[in-house]
Amino acid sequence: MKIVEARVIVTCPGRNFVTLKIVCSDGTTGVGDATLNGRELAVAAYLTEHVVPALIGRDPARIEDTWQYLYRGAYWRRGPVTMTAIAAVDTALWDIKGKVAGLPVYQLLGGRSRSGVQVYGHASGSSTSDVLASVAGFVSRGYRAVRVQAEVPGIPDIYGISSGPAYEPATFGVATESSWSTPDYLAHIPAVFEAVRDEFGPTLQLLHDVHHRLTPIEAARLGKSLEPYALTWMEDPVPAELQDGFRLIRQHTTTPLAVGEVFNSIFDCSTLISERLIDYIRTTVVHAGGITHLRRIFDLAALYQVRSGSHGATDLSPVCMSAALHLDLAIPNFGLQEYMPHTAETDAVFPHGYRFADGYLHPAEEPGLGVDIDESLAATFPYRPAALPVNRLTDGTMHDW
Ligand code: CS2
Ligand code: MG
């Protein structure tokens, strides 16, 4: 069997998604997510111009060899565009291998290590009572883990506050600007968690995303002030390229740390994992080189008791979510999976068999990944330029978004 075609499909059923569909000589197809939020066409061009021509005629069964060919063969290694393109190919080849074997992909990865994949949802609100109502909604729908974000007095347009069920930070057109004040934020957030713990008791798992905005000593202070509320994790407290900073955070707080949604290779993760500077590694299939490379990262993490906590925002398509669930089910060191349901239009473009029940997601049992793209429906939603926001301090200084 040979690869005879690979199509790069860009569609915008409410937001942009890039999908690679690989077609084999016997008609078997496989899909891979290639969406990089706000930079979609860069990956589409990388695939169309540089990857697809190299795939034609290759044996789809040789997943590892194809991964090495695309990684080593590019000379220019790593980076989000390259690794997202490689991820799309890798994911599609695992889908094909599952279909050829007649098995769901998790069986090819060693079989189930658990009965389901525990997920967390996103609660948020402008006032503390809105936040409590939002958390209550997740609890009533069966969630056992909830991320809590709250509006902070004095900071308009803060990150992470959802106006509807599907939180979406990217907007069409050029980037919008949001704002930030660390003193206002640090003064407000602990009281929000105090109210949530008082209302929901000690066992609901609570998480919080700082979205790369603090310095290490500020993050240490926040972690310390949240200790009484026993968070499952504090996410991305500082920009993670300055990895030394995590040593300082660790000296001061026992609040667990989760990092990695913007990482794209094992080399971004190795210091944080091997020095036990984090507790959860949040790399994901689409941005970290596919199932093959993410498995390598999770295996390294397992040696150091670091657990997975993969990113699962709405800019990761149902193709990525399907792939993530197969890996989550199989690995020994699974922690949590982020889950933000997509819009009805997105679900229609990407028919999939995974299902949510009692706080857990369950992958489809059909051969492969159990997800596809409806190409004629996708064609009715043409690409629209969109961007993530940028962020400024209240005096106008550019800051991390
Ligand atoms: C976030 C994301 O889900 C998360 O934890 O940090 O919403 C992130 O901002 C977007 O996925 C960026 O594309
Ligand atoms: Mg995040």
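Data block above holds the structure.
These notes cover the structure that comes with them.

Definitions and cut-offs
- Residues numbered from 1 in each chain as written.
- Chains lettered and ligands numbered in written order.
- Predicted model: local features only at pLDDT ≥ 70, side-chain atom pairs only at ≥ 80, totals over all residues.
- Heavy atoms only, no water.
- Near = heavy atom within 4 Å.
- Polar contact = N/O pair within 3.5 Å; in protein donor to acceptor, adjacent residues only side chain to side chain.
- Nonpolar A, V, L, I, M, F, W, Y, C, P; charged D, E, K, R; others polar.
- Donors = N, O, S within 2.8 Å, 3.2 Å for Na, K, Ca; no water.
- Helix = DSSP H or I, 4+ residues; strand = E, 2+ residues; numbered from the N terminus.
- Axes fitted to C-alpha atoms, helices over the stretch in contact; angles between N-to-C directions.
- Parallel < 35°, antiparallel > 145°, perpendicular 65-115°, else oblique.
- Contact = heavy atoms within 4.5 Å.

What follows covers the site of ligand 1. Around ligand 1 sit 16 residues, and of these Tyr159, His211, Glu261, Asp315 and Glu338 come closest. Between ligand 1 and Arg147 there is a distance of 3.3 Å, counted from an oxygen atom to a side-chain nitrogen or oxygen. Note that an oxygen atom of ligand 1 is positioned 2.5 Å from one of the side-chain N or O atoms of Glu338. Tallied by class, residues from the shell around ligand 1 come to 5 nonpolar, 4 polar and 7 charged.

Here the focus is the coordination of the magnesium ion (ligand 2). Donor atoms from the polypeptide that bind the magnesium ion (ligand 2) are Asp209 (OD), Glu235 (OE) and Glu261 (OE), placed at 2.0 to 2.2 Å. Sequence spacing of the donors to the magnesium ion (ligand 2): D-x25-E-x25-E. Linking Glu235 in strand β9 (residues 233-235) with Glu261 in the loop between β10 (257-259) and α9 (266-274), this pair joins segments that are 26 residues apart in sequence.

This part covers the packing of helix α3 (residues 80-101) against helix α10 (residues 290-303). Remark: α3 packs on α10, axes separated minimally by 6 Å, with the N-to-C direction vectors making an angle of 105°. Comparing the axis directions of α3 and α10 gives the class roughly perpendicular. Contacts between α3 and α10 involve Met83, Ala87, Asp90, Thr91 and Trp94 on the former and, on the latter, Gly290, Ile291, Thr292 and His293. Of the residues that constitute the contact of α3 with α10, the class distribution is 4 nonpolar, 4 polar and 1 charged.

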